[in-house]
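Residue-level listing of the chains:
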Amino acid sequence: MGTISHVITPKLTLPHLTSSRFHGGSLFPHSNDRVSTLKLARVSRKIRVSSELKSQTSSTISHSAIDFSDPDWKAKFQEDFEARFRLPHITDVFPDDLPIPSTFCLKMRTPITGDFPGNYPSDEEWHGYINNNDRVLLKTIHYSSPTSAGAECIDPGCTWVEQWVHRAGPREKIYFQPEHVKAAIVTCGGLCPGLNDVIRQIVITLEIYGVNKIVGIPFGYRGFSDQELTEVPLSRKVVQNIHLSGGSLLGVSRGGPSVNDIVDSLEKRGINMLFVLGGNGTHAGANAIHNECCKRRLKVAVVGVPKTIDNDILLMDKTFGFDTAVEEAQRAINSAYIEAHSAYHGIGVVKLMGRSSGFIAMHASLSSGQVDICLIPEVPFKLHGPHGVLNHLKYLLQTKGSAVLCVAEGAGQDLLQKTNATDASGNAVLGDIGVRVQQEIKKYFKEIGVHADVKYIDPTYMIRACRANASDGILCTVLGQNAVHGAFAGFSGITVGICNTHYAYLPIPEVISHPRLVDPNSRMWHRCLTSTGQPDFFDDYDL
Ligand SMILES: Nc1ncnc2c1ncn2[C@@H]1O[C@H](COP(=O)(O)OP(=O)(O)O)[C@@H](O)[C@H]1O
Ligand SMILES: O=P(O)(O)OC[C@H]1O[C@](O)(COP(=O)(O)O)[C@@H](O)[C@@H]1O
Ligand SMILES: [Mg+2]
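Residues numbered from 1 in each chain as written. Chains lettered and ligands numbered in written order. Predicted model: local features only at pLDDT ≥ 70, side-chain atom pairs only at ≥ 80, totals over all residues. Heavy atoms only, no water.

## Notes on helix α8 (residues 280-295)
Between its first and last C-alpha, α8 extends 23 Å over 16 residues, near the 22 Å set by a 1.5 Å rise per residue. Looking only at α8, the buried set comprises T282, H283, G285, A286, N287, I289, H290, E292 and C293. Packed against the buried residues of α8 are α7 (259-269), β8 (273-278), β9 (301-306), β14 (494-499) and α14 (508-512). Just downstream of α8 lies R297, where phi reads positive at about 55 degrees. (Helix = DSSP H or I, 4+ residues; strand = E, 2+ residues; numbered from the N terminus. Expected span 1.5 Å × (residues − 1). Buried < 20%, exposed > 50% of the residue type's maximum accessible area, 1.4 Å probe, protein only. Contact = heavy atoms within 4.5 Å.)

## Regarding the nonpolar core
Formed by 83 residues in total, the largest nonpolar core has its most connected members in L206, M273, F275 and F488. The dominant element in this core, judged by the number of residues it contributes, is helix α5 (residues 195-209), at nine residues. Three or more residues apiece are contributed to this core by two domains, here domain 1 (85-130 + 168-319 + 468-511) and domain 2 (323-466 + 521-542). Residues in contact with M273, not counting those within four places in the same chain, are F176, V181, K182, A183, A184, L206, V300, A301, A487 and F488. Ranked by size, the runner-up nonpolar core spans 38 residues in total, among them F81, V165, F224 and C293. (Core = buried A, V, L, I, M, F, W, Y, C linked by side-chain atoms within 4.5 Å. Domains from an automatic or database assignment.)

## What to know about the sheet that holds strand β13 (residues 453-457)
The parallel open sheet is built from four strands, whose spatial order is β11-β12-β10-β13. The open sheet has two edge strands, β11 (373-375) and β13, and neither has a second partner. On average, each strand axis in the sheet is tilted by 15 degrees relative to the strand beside it, whichever way the strands run. As paired strands, β11 and strand β12 (residues 403-408) are joined by three bridges and run parallel to one another. Counterpart to L375 in the pairing with β12 is V407. Helix-sheet contacts for helix α9 (residues 322-342) involve β10 (346-352), β12 and β13, and the interaxial angle to β10 is about 165 degrees. (Pairing = 2+ DSSP bridges. Axes fitted to C-alpha atoms, helices over the stretch in contact; angles between N-to-C directions.)

## Concerning the confidence of the model for the chain
Predicted coordinates in areas of low pLDDT are best not read in detail. Per-residue confidence for the chain gives a mean pLDDT of 88, with 85% of residues at or over 70. Contacts for the low-pLDDT stretch residues 1-10, under 50 throughout, to residues beyond four places or in other chains number 12 contacts. Taken together, the stretch residues 22-52 has pLDDT below 50 and engages in 28 contacts with residues farther than four places along the chain or on a different chain. In the model output, the complex is listed with pTM 0.90 alongside ipTM 0.97. (pLDDT = per-residue confidence, 0-100.)

## Comments concerning the site of ligand 1
Taken together, 14 residues sit near ligand 1, with R254, G255, G279, T282 and S425 positioned nearest. One of the backbone nitrogen or oxygen atoms of N280 is found 3.4 Å away from an oxygen atom of ligand 1. For ligand 1, an oxygen atom lies 3.0 Å from a polar atom in the side chain of K307. Calculation on ligand 1 without its partners gives an accessible area of 550 Å², and the protein chains cover 76% of this total. Counting residues per element, the shell around ligand 1 draws most heavily on α8, at five residues. In terms of residue class, the shell around ligand 1 is built from two nonpolar, 10 polar and two charged. (Near = heavy atom within 4 Å. Polar contact = N/O pair within 3.5 Å; in protein donor to acceptor, adjacent residues only side chain to side chain. Areas by Shrake-Rupley, 256 points an atom, 1.4 Å probe, with all protein chains shown as cover. Nonpolar A, V, L, I, M, F, W, Y, C, P; charged D, E, K, R; others polar.)

Quick look at the structure:
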C-alpha cells in the first residue's frame, strides 16, 4: 500500500471569546489560561512516570532508535510500521497455494443449504467483502505538542505520522476449502464475560462458510494433552443459546502442555483452523503454535480473540467482557457506598480485579461517582504519613462522614510481602491488597481513637462469571465473525480487535509485547481524580 500523506491545514476554527467579534478584545483577558490553570491545579499532578511504565503506556513503538536528523525518518518509520503490522499468511509457507472464491456470501447462503462444493456462490456481484488493501487508522489525534494531554508523539516536534493497520472482515478469495476444514476452538486463562458469545459466533460463521467439522477443546490448552478430556462437537444447534449464561461452554484452565505437544495433537486430530480465546499468555501460546506449524510446514490458521476483563491488551479500544465487568462492579461499589453512608463514620472498601492494569477500578470508580479514593497498580501510594491514604480517610470522615475506597488487586504490591509464587501459567500470585488496606484502616482509626465502621467487599469472581451485557454481546459477535473471516482469508498468527471503533487484524506479537497499562498522565486518570477528589498519596521525594 502506498503511503498516503496528509498535510494538516486547520480550516475549522472554533469561535472564541477572545476573537475580534468581541469588541474591545477579550472580555476575560487570558481567561483560557486562568480557567485551565484553576481547573488543572487539582488534576495536573504530572506524575513522574518511570521510563519503563512510559514505554508500556504508549502503545506503539519505542522511538529511541529513530534518527530524527534524517530527513527521511518519517518515511522510514512508516515503512517499518507497515512491515511490523504485516499479517502472516499461509502463502508465506505455501507460496503455491491458490485461493478459491469465498463461500461466505450471505446472498447465496440464505437459507443455508449446507452441501458443498455444489453450493459455492455464483459470480453474482456482492459488495460485502473487504479489500486486502483496506486499512484502519490506528491513531486519530494530531497532537500539536508533546505537552498536550495524553500526547503520544514519535518525534520531539510531534509530527503527524499515519499508522495504518489491516481492516478485518470477509475476503473475496479464501485459502481453505470448507469441506477440508476441521476447526477447533479453545478458551484459556481466567473466565471473562462473553466467552460463550464468541464461541457461538465462531461456530455459526464457520457453518455459513460451509464447515461441518467443528470441535471445542475442553479446559484450555490442557484439553490437548489430557487423555481423559475429549473434543466437544459443536454446531449451530449446540451453541444456539450458550450466550445466555456466563462462563465458557468449553471450560478454561491455566498451565498445560508444551507448544510441541499441542502441535502434535493438532496434527493427530487433523485440525487446520484453531481459534484461541484468551489473554496475553494465551496469545503468546497461540503465536508459538503458529510458528511451530510454520516450522513443520502444516497448513493451519491460528487466530486469536483477545479475552481479558483487565483490558490489558495493547492497541485496542477495549477487550470484550471489560464493559460487563465494569458494570457488574457498580453493584459492589454501590453496596459499599450504602453501607458506608448508613453507618456512623462508615468506610467501604471494594477490591476489584486488575493484575497489572487498573482499568476496571478506574472505570468503575468513574462510572459510579461514589468512590472517594481509587488505587491502581500504575500509581504508587502511601498508606501512612500526612499525605497517605489513611490521613485522607480521616479528613473524609470529618468532612463527609463516610468514604468509599476502590482498590485494584495489583495495586500497592510494594506494601505487601513478596511471595515469589506463580500460578500454573507463570503469572505472579499477588498479595491481597484489599485485606491489607482494610486491616490498616481499622488499626489506624483504633490508634488515633476515632470511630470507624469498615466494611470490606470483594466481588472479584462475580464481575467475571456473569453473562456479557448488550454492548459486549455485540463486540463478541463481531470479533467472533472476524476471527473466522481471518482464518479463511489465510491469515495465521493474528488476532482481532477494535481500533478506533473499526475492526482490525493485528499480528499477535504487536499486541502482547507487554500488558497495556493505565497512563497516570492520561486524561482518563485525571478525570478519575477529578471525579473522586483524591489527592496524591505520595510525595515527590518518595519516587
Ligand atoms: N509465554 C507463553 N508461551 C506459551 N504459552 C503460554 C505462555 N504464557 C502463558 N501460556 C499459556 O496460555 C494459557 C493461558 O495463560 P494465562 O496467563 O493463564 O491467561 P491469559 O491468557 O488470560 O493471560 C495457559 O495455558 C498458559 O500455559
Ligand atoms: O484466580 P484466577 O483464575 O487465577 O484469576 C485471577 C486473575 O484473572 C484476571 O481476572 C484476568 O486474568 P487473565 O486475563 O490472565 O485471565 C486477573 O485480573 C486476575 O488476577
Ligand atoms: Mg494474562
